[in-house]
Amino acid sequence: MKKFRLLAPGPTEVPPEVLLAMARPVIHHRTPEFEALFAEARRGLQWLFQTQREVLLLAASGTGAMEGAVVNACSPGDRVLVIRGGKFGERWAEICLAHGLSVIPVEISYGKAVDPRQVAAALRKDTGIAAVFVTHSETSTGVLHDLEAIAAIVRQTPALLVVDAITSLAVVDLPTDAWGVDVVVGASQKAMMLPPGLAFACLSDRGWAAAERARLPRYYFNFLTEQKSQAQHQTAWTPAVSLIAGLKVALDLLQAEGLAAVFARHERLAQATRAAVTALGLTLFAERPSPAVTAVKVPEGVDGDAIVRVLRDTHGISIAGGQGSMKGKIFRIATLGYADAYDVLTGIAALEFTLAELGYPVRLGDGLRAAQDVFQK
Ligand SMILES: *Cc1c(COP(=O)(O)O)cnc(C)c1O
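A brief structural summary. (Residues numbered from 1 in each chain as written. Predicted model: local features only at pLDDT ≥ 70, side-chain atom pairs only at ≥ 80, totals over all residues. Heavy atoms only, no water.)

Here's the deal with the environment of Ala231
Moving on, step 1. With respect to the helices and strands, the residue Ala231 is situated in helix H9 (residues 223-231).
Moving on, step 2. Using a relative accessible area of 54% as the deciding quantity, one classes Ala231 as exposed.
Moving on, step 3. The spatial distance from the C-alpha of Ala231 to the C-alpha of Ser188 is 22 Å, given a sequence separation of 43 residues. (Helix = DSSP H or I, 4+ residues; strand = E, 2+ residues; numbered from the N terminus. Buried < 20%, exposed > 50% of the residue type's maximum accessible area, 1.4 Å probe, protein only.)

Now the structure itself:
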């Protein structure tokens, strides 16, 4: 018998209460019963997104909401500023390029956070930039960008601020309205304690004005169509009914815990993870680490892919390796969503065994003790 555990930055573990809600018979979506469920789920999302605006629900993975953000915010020929420095920042650039936009990249070395002054300088240099695309928590490098500072800069300009919050929602504070973020996108399979398949988008008044003006082709992800339906407690297309049933329960769980407590839990889990890997003599990769995921440099002489493989095949634990050019150079342990201290301790114990098996000198328990010290404080 082997027990499997997800400690990867998506998909993540799903609480039993949520699994049970999703196992119930599928209800028809053009019914008062669905409309009541949908209305409750949307109220919960407004709480989570810290917004008075509508949060749109889409049946898609996170990338669908990202593409939706692009086609609803932009028009052909628009110049857009994209913070790169990781696979997901690069994805924003790829989507914009696919739609024929003119991308002005802000290049950041992997593992580094953008200096908000770089954004300010780029916006001063080109006052015609239509939108700025940011990844709040860059899952591929484990970096948390300083969104509050970036938002304060972009708000002073006519440019829209579009944010991938897929691993920052329900992890770190992101007061959408207070910071004046124009488009926030999220996805179900990260900290929202759900399987993959739902994506979210929340637009400010400026965001909605842009959606009215936008002239890129759009159909499935036309946010105006979706908004009109949601105002009637309906969706434009067939919704992911079972996922929405789960979403309602997941939001109830988060609300019972409280937003500040949710953020504090993630911070603590990440602190313990960082303390543990550091105590094992390993080096953190991110200079401004995200509480969602801890990226660790693969030590000299150890096969990075083997760390991920042995953890999965021998110990039943899925973590993530590096993506693209980071493959084999880093590994990433998520502390995301339905996770507690014992997930971290289990993961660290298994990591110690794995490193030992791969010939890296560890004293079993060094990482665990460092993590326990954090939890005991
Ligand atoms: C997971 C993730 C995505 C979305 O990827 P999908 O596979 O389309 O759900 C986008 N951005 C970030 C930062 C992510 O972590």
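Once you've had a look at it, read on.
Notes on the site of the ligand
Moving on, step 1. If you check the shell around the ligand, you find 14 residues, and the closest are Ser61, Thr63, Thr139, Asp164 and Lys190.
Moving on, step 2. Contact distances for the ligand include 3.4 Å between an oxygen atom and a side-chain N or O atom of Arg91.
Moving on, step 3. Gln189 is positioned such that a nitrogen or oxygen atom in its side chain is 2.7 Å from an oxygen atom of the ligand.
Moving on, step 4. About the coverage of the ligand: the protein hides 87% of its 380 Å² of free accessible area.
Moving on, step 5. At the level of elements, helix H3 (62-73) and helix H4 (87-98) are the ones that each hand at least two residues to the shell around the ligand.
Moving on, step 6. Element by element, the count of residues in the shell around the ligand is highest for H3, at three residues.
Moving on, step 7. Class assignment for the residues of the shell around the ligand results in three nonpolar, eight polar and three charged. (Near = heavy atom within 4 Å. Polar contact = N/O pair within 3.5 Å; in protein donor to acceptor, adjacent residues only side chain to side chain. Areas by Shrake-Rupley, 256 points an atom, 1.4 Å probe, with all protein chains shown as cover. Nonpolar A, V, L, I, M, F, W, Y, C, P; charged D, E, K, R; others polar.)

Digging into the pattern of salt bridges
Moving on, step 1. A full pass over the atoms with the stated rule returns 16 salt bridges.
Moving on, step 2. In this structure, Asp205 engages Arg53 in a salt bridge whose closest nitrogen and oxygen atoms are separated by 2.9 Å. Linking Asp205 in helix H8 (residues 205-213) with Arg53 in the loop between helix H2 (32-49) and strand E2 (55-59), this pair joins segments that are 152 residues apart in sequence.
Moving on, step 3. Measuring nitrogen to oxygen at the nearest pair gives 3.4 Å for the salt bridge that ties Lys327 to Asp305. Placement of the pair is Lys327 in the loop between strand E13 (320-321) and strand E14 (330-334) and Asp305 in helix H12 (residues 304-313), with a sequence separation of 22 residues.
Moving on, step 4. Using a relative accessible area of 53% as the deciding quantity, one classes Lys327 as exposed.
Moving on, step 5. Asp305 gets classed as partly exposed once you look at its relative accessible area, which sits at 32%.
Moving on, step 6. One network of salt bridges, with partners in common, ties together Glu40, Lys248 and Asp252. (Salt bridge = Lys/Arg side-chain N within 4 Å of Asp/Glu carboxyl O.)

Some remarks on H2
Moving on, step 1. Helix length check: H2, at 18 residues, gives a terminal C-alpha distance of 25 Å against a target of 26 Å (1.5 Å per residue), a fit within 8%.
Moving on, step 2. Within H2, burial applies to Phe34, Leu37, Phe38, Ala39, Ala41, Arg42, Gly44, Leu45, Leu48 and Phe49.
Moving on, step 3. Immediately downstream of H2, the backbone of Gln50 shows phi near 50°, a positive value. (Expected span 1.5 Å × (residues − 1).)

Brief notes about the sheet that holds E13
Moving on, step 1. The sheet built from three strands is open, its strands ordered E11-E14-E13 with antiparallel pairing. The outermost strands of the open sheet, each flanked by one partner alone, are strand E11 (293-297) and E13.
Moving on, step 2. The pairing of E13 with E14 spans two bridges and is antiparallel. The partner of Ala320 across the bridge, within E14, is Arg332. (Pairing = 2+ DSSP bridges.)

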